[in-house]
Amino acid sequence: MDRLSHPVTVALLVIVGVLMLGANFMVFLYAPDERVMGAVQRIFYFHVPAAMVAFASTFVMLGASIAYLWTRRRIWDNLARSATELALLFCALVLVTGPIWARPAWGVWWTWEAKLTTTLLLGLLLAACVLVRSYADSAEKGARLASVLGIVAALDVPIIYRAVDWWRGQHPVVFGPGKKDPLAPEMRNTLSFCLLAFLSLYALLLLLRTRIACHEDRVQDATEMLGARGESA
Amino acid sequence: MTRGGRPPGPGFLRACWIVAAKDLRLEGRTLDALSSMVLFSLIVLTVFSFAFDLTTVPSARLVPGVLWTTFAFSGVIAFARSFQTERIRDSLTALILSPVDRGALFSGKALANLVLVLVLQAVLLPLSAVFFGYDLPAVAPSLVFVVLLHTVGIAELGTLFAAIAARVGRGEALLATLLFPFSSPLLISAVKCTSAVLEGKPLAAVKPWLLVAGGFDVLYFLVALVTFEYVLED
């Protein structure tokens, strides 16, 4: 899995490319206009999958952080680090696409509503994890502290959601227990397809980022070895 | 955590008590953290009274937010201090070398921090009743319960994050960056409960919030017990 031209990478790249193109086709040509909101509702097909990926990635971070503290194998930290950064990336996508939709639909760019607040706080927690990792003076210490923080952060997310949901709520709840499926079949197909496309994009990015982190480790090791040899000579 | 057989040091509760008593004795002799905490929170309260006109808005609306912001900010001073003092003569290394469970070290530190913040609150709550004109004696029992329940969680997270911040060599700035977003559910709950208490509602009216806060306290105590070991390791 070392080279970028590795068959698995190339295959994934092709799959993601096709899926993303297909997703764009479905979002803009296949899905019907929403009755009330019109064309701006189409941002939903990017917004929702990005949010799902951001939260999924947070739980990848949780799993990888626990695995790192348990086994101390650097591959787990590389995975945790990549998952943290990607969760932050997708979180940023959610926070950018949300207001673009909210402005025409709600009349405001931002409101302190449960899902918005939770996503913003999730972004802050993830940024804190990235920050601590970069502040640490050794990679090992950064990995350890960021793993602890990652575990605390991932456990915090459901509690934050519960708390801000009670605090206030106005976000449209599209899916929920006891709700009739409100989406037209074309809309549902488009959403499912976009979710698949985003998940495969996430898988590809996670693979590439983790591999880069492993390469960085090797460069670091090699530099330290050369340094040690230089000192002894 | 020694492998093979019982650790030769004191038991969990005893170790926790020794660490907490050491920190509190140190604080009692120097009043280092407490003096700056009290002074700082007085300044924050004054700044708030400039920022919002507290005389025109009913106290139950603004006072909870003002109080908890003040507690959280001055808590940061106490939490950061508790590990800075250990770094000066590298006594943290001595603590780490001592044959006690890491969880006990955490509990001791958190207990001392909790006591410090509680002392600050004991000074600040009567003062705020004077400043903002609410009837403290009437709400005292429920208010004390609410404050205690939420301060426990803040002290736990604050202690864990202060250790992390100290480990990466950053002080209060990083601690505040970590503490506030992570403890947001607790702060929301604290403000909701305090405001209900000041409005004269019974505690039963905010039972879900109290459960969230209690659950938060227990969850993060357990998480910190398990993870503190990894934070201290060098």
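Rules used throughout
Residues numbered from 1 in each chain as written. Chains lettered and ligands numbered in written order. Predicted model: local features only at pLDDT ≥ 70, side-chain atom pairs only at ≥ 80, totals over all residues. Helix = DSSP H or I, 4+ residues; strand = E, 2+ residues; numbered from the N terminus. Buried ≥ 20, exposed ≤ 12 C-beta atoms within 10 Å, placed from the backbone. Contact = placed C-beta atoms within 7 Å. Core = buried A, V, L, I, M, F, W, Y, C linked by C-beta atoms within 7 Å. Axes fitted to C-alpha atoms, helices over the stretch in contact; angles between N-to-C directions. Parallel < 35°, antiparallel > 145°, perpendicular 65-115°, else oblique. Left-handed = near helix turned anticlockwise from the far one by under 90°. Nonpolar A, V, L, I, M, F, W, Y, C, P; charged D, E, K, R; others polar. Expected span 1.5 Å × (residues − 1). Arc of directions from axis to C-beta. pLDDT = per-residue confidence, 0-100.

Engineer: Provide a residue-level description of the overall build of chain B, including the pertinent values.
Structural biologist: In terms of helices and strands, chain B carries 9 helices and 0 strands. By its C-alpha atoms, chain B is 65 × 35 × 30 Å across when sized along the principal axes. Put simply, chain B has 234 residues, and 47% of those count as buried. Residue pairs in contact within chain B that sit at least 24 positions apart in sequence constitute 85% of those at least 6 positions apart.

Engineer: Explain the overall build of chain A to me, and be specific about the residues and the numbers.
Structural biologist: Within chain A, the regular secondary structure consists of 6 helices and 0 strands. Starting at the N terminus and ending at the C terminus, chain A contains elements arranged as α-α-α-α-α-α. If one aligns the C-alpha atoms of chain A with their principal axes, the spans along those axes are about 75 × 45 × 30 Å. Considering only contacts in chain A between residues 6 or more positions apart, those separated by 24 or more positions represent 79%.

Engineer: Provide a residue-level description of the nonpolar core, including the pertinent values.
Structural biologist: Judged by nonpolar contacts, the single largest core of 131 residues is most densely connected at A:Ala54, A:Leu149, B:Ile164 and B:Leu175. Considering every element that reaches this core, the biggest residue donor is helix 6 (residues 136-167) of chain B, with 15 residues. Apart from residues lying up to four places away in sequence, A:Leu149 is in contact with A:Ala128, A:Cys129, A:Val132 and B:Ile164.

Engineer: I'd like to hear about the environment of B:Leu116, residue by residue, with values.
Structural biologist: All names here are of chain B. The residue Leu116 is located in helix 5 (residues 102-132) in this model. Accessibility expressed as a C-beta count within 10 Å gives 24 for Leu116, which makes it buried. Considered as a pair, Leu116 and Ala78 are 38 residues apart in the sequence and their alpha carbons are 7.0 Å apart. Every residue in contact with Leu116, bar those within four places of it in the chain, is listed here: Glu27, Ala33, Leu34 and Ala78.

Engineer: Can you tell me about unusual backbone geometry, naming the residues and giving the values?
Structural biologist: Even without glycine at this site, A:Arg72 takes up a positive phi of about 60 degrees. You can see A:Arg72 is positioned in the loop between helix 2 (44-71) and helix 3 (74-106). Among the residues examined, A:Arg72 registers 13 C-beta atoms within 10 Å and is labelled partly exposed. A positive phi angle is found at B:Leu31, which is not glycine, with a value near 55 degrees.

Engineer: Which residues make up the packing of helix 1 (residues 12-30) of chain B against helix 5 of chain B, and what are the values?
Structural biologist: All names here are of chain B. The interhelical angle for the contact between helix 1 and helix 5, taken along N-to-C directions, is 40 degrees, at an axis separation of 7 Å. Considering their axes alone, helix 1 and helix 5 lie oblique with respect to each other. The two elements helix 1 and helix 5 meet at a crossing, and its hand is right-handed. Contacts from Phe12, Ala15, Cys16, Trp17, Ile18, Val19, Ala20, Asp23, Leu24 and Glu27 in helix 1 reach Gly103, Ala104, Leu105, Ser107, Gly108, Lys109, Leu111, Ala112, Val115 and Leu116 in helix 5. Of the residues in the contact of helix 1 with helix 5, the class split is 14 nonpolar, 3 polar and 3 charged.

Engineer: Explain helix 8 (residues 184-198) of chain B to me, using residue names and the numbers behind them.
Structural biologist: Note on helix geometry: an α-helix contains 3.6 residues per turn, so any two residues three or four positions apart are oriented the same way. All names here are of chain B. When the terminal C-alpha atoms of helix 8 are compared, their 21 Å separation across 15 residues agrees well with the 21 Å that a helix rising 1.5 Å per residue should span. Among the 15 residues of helix 8, 15 are classified as buried, and the element is accordingly described as predominantly covered. Once helix 8 finishes, Gly200 follows within two positions and takes phi at roughly 85 degrees, a positive value.

Engineer: Describe the environment of A:Leu86, and please don't skip the residues or the numbers.
Structural biologist: Residue and element names in this part refer to chain A. With respect to the helices and strands, Leu86 occurs in helix 3. Since 24 C-beta atoms lie within 10 Å of it, Leu86 is described here as buried. Between the C-alpha atom of Leu86 and that of Met61, which follows or precedes it by 25 residues, the distance is 9.7 Å. When neighbours within four sequence positions are excluded, Leu86 is seen to be in contact with Ser57, Tyr202, Leu205, Leu206 and Arg209.

Engineer: Any details on the interface of chain B and chain A? Residues and values, ideally.
Structural biologist: At the interface, 22 residues of chain B touch 25 residues of chain A. Of all elements in the fold, only helix 6, helix 7 (172-182), helix 8 and helix 9 (207-232) of chain B reach the threshold of two or more residues within the side of chain B that touches chain A. In terms of residue count, the dominant contributor to the side of chain B that touches chain A is helix 9 of chain B (8 residues). Partitioning the side of chain B that touches chain A into residue classes produces 15 nonpolar, 4 polar and 3 charged.

Engineer: Residues and numbers for helix 1 of chain B, please.
Structural biologist: All names here are of chain B. In a regular helix each residue adds 1.5 Å, so 19 residues correspond to 27 Å; helix 1 covers 27 Å between its end C-alpha atoms and thus fits that length. Among the residues making up helix 1, those that are buried are Ala15, Cys16, Val19, Ala20, Asp23 and Glu27. An end-on view of helix 1 places all buried positions within 125 degrees of arc, on one side of the element. Exposed and facing more than 90 degrees away from the buried side of helix 1 are Leu13, Arg14, Arg25, Gly28 and Arg29.

Engineer: Before we move on, could you go through the environment of B:Leu157 and cite the residues and values that matter?
Structural biologist: All names here are of chain B. If you trace the backbone, Leu157 turns up in helix 6. When the 27 C-beta atoms within 10 Å are taken as the criterion, Leu157 is described as buried. When the C-alpha positions of Leu157 and Pro141 are compared, they lie 25 Å apart, and in sequence the two are 16 residues distant. Dropping the residues within four chain positions of it, Leu157 is found in contact with Leu179, Phe182, Ser183 and Tyr220.

Engineer: Provide a residue-level description of the confidence of the model for chain B, including the pertinent values.
Structural biologist: Residues at a pLDDT of 70 or more form 95% of chain B, whose mean pLDDT is 88. This complex was scored by the predictor with a pTM of 0.87 and an ipTM of 0.83.

Engineer: Run through the packing of helix 2 (residues 32-51) of chain B against helix 5 of chain B, naming residues and quoting values.
Structural biologist: Residue and element names in this part refer to chain B. Where helix 2 contacts helix 5, the axes come no closer than 10 Å and their chain directions differ by 30 degrees. In terms of orientation, helix 2 and helix 5 fall into the roughly parallel class. By crossing handedness, the relation of helix 2 to helix 5 is classed as right-handed. Between helix 2 and helix 5, the contacting residues are Ala33, Leu34, Met37, Val38, Ser41 and Leu45 on the first element and Leu116, Val119, Leu120, Val123, Leu124, Ser128 and Phe131 on the second.

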